[in-house]
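Working through the structure, step by step
Below are the chains, spelled out letter by letter.
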Amino acid sequence: MADPARMIKPEVKAERAASAHEERPKSEGSGDAAAAAKPTDVNKESSSQDAVKEEETSETAAGEDDDEQSAAKRLKVDPEKKKERRQKVDEDEIQKMQVLVSSFSEEQLNRYEMYRRSAFPKAAIKRLIQSITGSSVSQNVVIAMSGISKVFAGEIVEEALDVCEKWGETPPLQPKHMREAVRRLKCKDQIPNTKHKQILFH
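A quick note: this is a predicted structure, and the numbers were derived from the prediction, not measured. (Residues numbered from 1 in each chain as written. Predicted model: local features only at pLDDT ≥ 70, side-chain atom pairs only at ≥ 80, totals over all residues. Heavy atoms only, no water.)

So, the overall build of the chain
Filter applied, for reference: Only DSSP runs of H or I reaching four residues or more are called helices, and only runs of E reaching two or more are called strands; each is numbered from the N terminus. Buried means the residue's accessible area, taken with a 1.4 Å probe over protein chains only, is under 20% of the maximum for its type, while exposed means over 50%, and partly exposed covers the values in between. Here, two residues are considered to be in contact whenever any of their heavy atoms come within 4.5 Å of each other. For every accessible area listed, the method is Shrake-Rupley and the probe measures 1.4 Å; residues are considered covered only by the protein chains on display.
Assigned secondary structure in the chain consists of 6 helices and 0 strands. Secondary structure elements of the chain occur, N-terminal to C-terminal, as α-α-α-α-α-α. Counting the 202 residues in the chain, one finds 12% classified as buried. Counting contacts in the chain only where the partners sit at least 6 residues apart, residues at least 24 apart contribute 34% of the total. Accessible surface computed for the chain: about 16,800 Å², of which carbon and sulfur atoms make up 55%.

Focus on the packing of helix α4 (residues 122-133) against helix α5 (residues 139-166)
The line we're drawing: Interaxial angles span 0 to 180 degrees and are taken between N-to-C directions of axes, which are lines fitted to C-alpha atoms, for helices over the stretch in contact. Here the word oblique covers every angle except those under 35 degrees (roughly parallel), over 145 (roughly antiparallel) and from 65 to 115 (roughly perpendicular). For this classification, Asp, Glu, Lys and Arg are treated as charged, while Ala, Val, Leu, Ile, Met, Phe, Trp, Tyr, Cys and Pro are nonpolar and the rest, including Gly, are polar.
Relative to each other, α4 and α5 sit at 105°, their axes nearing to 9 Å. Comparing the axis directions of α4 and α5 gives the class roughly perpendicular. Counting all contacts with α4, which are made through K122, I125, K126 and I129, the residues of α5 involved are Q139, V141, V142, I143, M145, S146 and S149. Looking at side-chain class alone, the contact of α4 with α5 contains 6 nonpolar, 3 polar and 2 charged residues.

Here we look at the nonpolar core
The test is simple: Residues enter a nonpolar core if they are buried and are Ala, Val, Leu, Ile, Met, Phe, Trp, Tyr or Cys, with the set joined through side-chain atoms within 4.5 Å.
Counting residues in each nonpolar core, the largest one holds 5 residues, listed as I156, A160, A181, L185 and I191. Those elements giving two or more residues to this core turn out to be α5 and α6 (175-187). Apart from the residues lying within four places of it in its own chain, the contact partners of A160 are L173, H177, M178 and A181.

Things to note about the side chain of E180
Put simply, the rule is: Any N or O atom pair separated by 3.5 Å or less is treated as a polar contact, with the protein-specific requirement of one donor-capable and one acceptor-capable atom, and with residues adjacent in sequence counted only for side-chain atom pairs.
Assignment of secondary structure puts E180 in helix α6. Given a relative accessible area of 14%, E180 falls into the buried group. A polar side-chain atom of E180 sits 2.6 Å from a polar atom in the side chain of R183. Contact partners of E180, with chain neighbours within four places excluded, come to V163 and W167.

Quick word on the environment of M145
Examined against the element boundaries, M145 turns out to sit in helix α5. Judged by its relative accessible area of 34%, M145 is partly exposed. Each C-alpha atom of the pair M145 and K126 lies 8.9 Å from the other, and the pair is 19 residues apart in sequence. M145 has contacts with I125 and I129, leaving out every residue within four places of it along the chain.

Focus on helix α3 (residues 106-117)
Where we set the bar: Multiplying one less than the number of residues by 1.5 Å gives the expected span of a helix.
Over its 12 residues, α3 runs 17 Å from end to end, which matches the ideal 16 Å to within 8%, given 1.5 Å per residue. With 0 of 12 residues buried, α3 lies mostly on the surface of the structure.

Some remarks on the packing of aromatic side chains
Put simply, the rule reads: Two aromatic rings from Phe, Tyr or Trp, using only the six-membered ring of Trp, form a pair when their centres are within 6.5 Å; if the ring planes differ by under 30 degrees the pair is stacked, by over 60 it is edge-to-face, and anything between is tilted.
All told, the structure shown has 2 aromatic pairs when counted by the stated rule. Taking the centre distance of 6.1 Å and the plane angle of 40° together, the rings of Y112 and Y115 count as tilted. Taken together, the residues Y112 and Y115, both in helix α3 and 3 residues apart, mark about one turn of the helix. Aromatic ring contacts, followed pair by pair, group F104, Y112 and Y115 into a single cluster.

Here we look at the packing of α5 against α6
The condition is simple: If you view the pair so one helix is near and one far, a crossing is left-handed when the near helix is turned anticlockwise from the far one by less than a right angle, and right-handed when it is turned clockwise.
Axis separation between α5 and α6 bottoms out at 8 Å; the angle between their running directions is 110°. When the axes of α5 and α6 are compared, the pair comes out roughly perpendicular. Judged by the twist between their axes, the crossing of α5 over α6 is right-handed. On α6, the residues that touch E155, I156, V157, E159, A160, V163, C164 and K166 of α5 are H177, M178, E180, A181, V182, R184 and L185.

Written out as structure tokens, the structure is:
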């Protein structure tokens, strides 16, 4: 919002302009007096120009304030729209999952339940993170790492099942299947290999 101390009333501006016009004819009448009065005319003209500039800046400041308010309104509306979209997407995902789960066989349903219930113990994950980083971590970090670990283990098991099928063997998985799955994922650069470091220059 514009600073009220900087705003100039239109009446004051008109008075200053009128006084500047009155000074000009008087100074034109006398030669020496004109030379003496010139600095005051220059001062008054500069003050009237300053007044005009101040008024313009106050108008632009008021315009910027309006723009900021409209931008703030837009920002308030956008999160609401995003929340509505997220809710719609979540509802759609829930409905799709319900349809999928309802079409599961009994064996698939048991496997899905085991998948949903399985989790790494948070205390062990917290201890592991603290031993590596050397500092304490929040509960949110532990939950995130637990979820990432579960996804990682799932990818390895999935690859191991593919290996088992390609070798013409049937589950249960054996350690050789797991080792081959890890080796294949490392070849695909899906698992970071900490021991091997690429040498860029020979």
